[in-house]
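# Reading the structure
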Amino acid sequence: MKTKKDVIIGFILGIISTCIGILLYIVLFSKFGIEETIKQALQFKFVGKLVSLGALLNLGLFFLFLNRKQDNKAKGVLIATLIIGLIFIINRL
């Protein structure tokens, strides 16, 4: 029971980490505001690139959990990253 809970916690943290990464990228590197950047990303179809840059935070979170011997939470982060990637691969088809 504890393992499922840890995987779910890792999954949720992976999704949140990706969202925070996207917002950080927009705030730090975009010339436009958050809303305008997201509109342009949808219009010019670079949402996948924006999300993959945001998902870079998952890498740090994954290794943080591995170093703390919290393998199930790391597994949840990995699952979140893979699901996000699969969604954008399927979307491209």
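Above this text sits the structure in question.
This text gives an overview of the structure that appears in the document. (Residues numbered from 1 in each chain as written. Predicted model: local features only at pLDDT ≥ 70, side-chain atom pairs only at ≥ 80, totals over all residues. Heavy atoms only, no water.)

## Points about unusual backbone geometry
- Even without being a glycine, K45 presents a positive backbone phi close to 55°.
- In the Ramachandran plot, K69 falls in the positive-phi region, its phi being about 60° despite a non-glycine side chain.
- Relative to the elements of secondary structure, K69 occurs in the loop between α4 (56-67) and α5 (71-92).
- Look at K69 and you get exposed, because its relative accessible area is 69%. (Helix = DSSP H or I, 4+ residues; strand = E, 2+ residues; numbered from the N terminus. Buried < 20%, exposed > 50% of the residue type's maximum accessible area, 1.4 Å probe, protein only.)

## Some thoughts on helix α1 (residues 2-29)
- The first and last C-alpha atoms of α1 sit 40 Å apart over 28 residues, in line with the 40 Å expected at 1.5 Å per residue.
- Along α1, the residues classified as buried are D6, G10, G14, S17, T18, G21, I22 and I26.
- On the buried face of α1, the contacting elements are α2 (34-43), α3 (47-54), α4 and α5. (Expected span 1.5 Å × (residues − 1). Contact = heavy atoms within 4.5 Å.)

## Concerning the pattern of salt bridges
- The final tally for this structure, using the stated rule, is one salt bridge.
- A salt bridge links E35 to K39, with the nearest nitrogen and oxygen atoms 3.4 Å apart. In this pair, E35 and K39 both sit in helix α2, four residues apart, roughly one turn of the helix.
- By relative accessible area, E35 is classed as exposed at 55%.
- Overall, K39 belongs to the partly exposed group, its relative accessible area being 48%. (Salt bridge = Lys/Arg side-chain N within 4 Å of Asp/Glu carboxyl O.)

## Overview of the packing of α1 against α2
- Put simply, α1 and α2 touch, their axes get as near as 10 Å, and they point 105° apart. Accordingly, the angle class assigned to the pair α1 and α2 is roughly perpendicular. Each of L23, I26 and V27 in α1 lies in contact with α2, whose residues at this interface are I34, T37 and I38.
- Partitioned by chemical class, the residues of the contact of α1 with α2 number five nonpolar, one polar and no charged. (Axes fitted to C-alpha atoms, helices over the stretch in contact; angles between N-to-C directions. Parallel < 35°, antiparallel > 145°, perpendicular 65-115°, else oblique. Nonpolar A, V, L, I, M, F, W, Y, C, P; charged D, E, K, R; others polar.)

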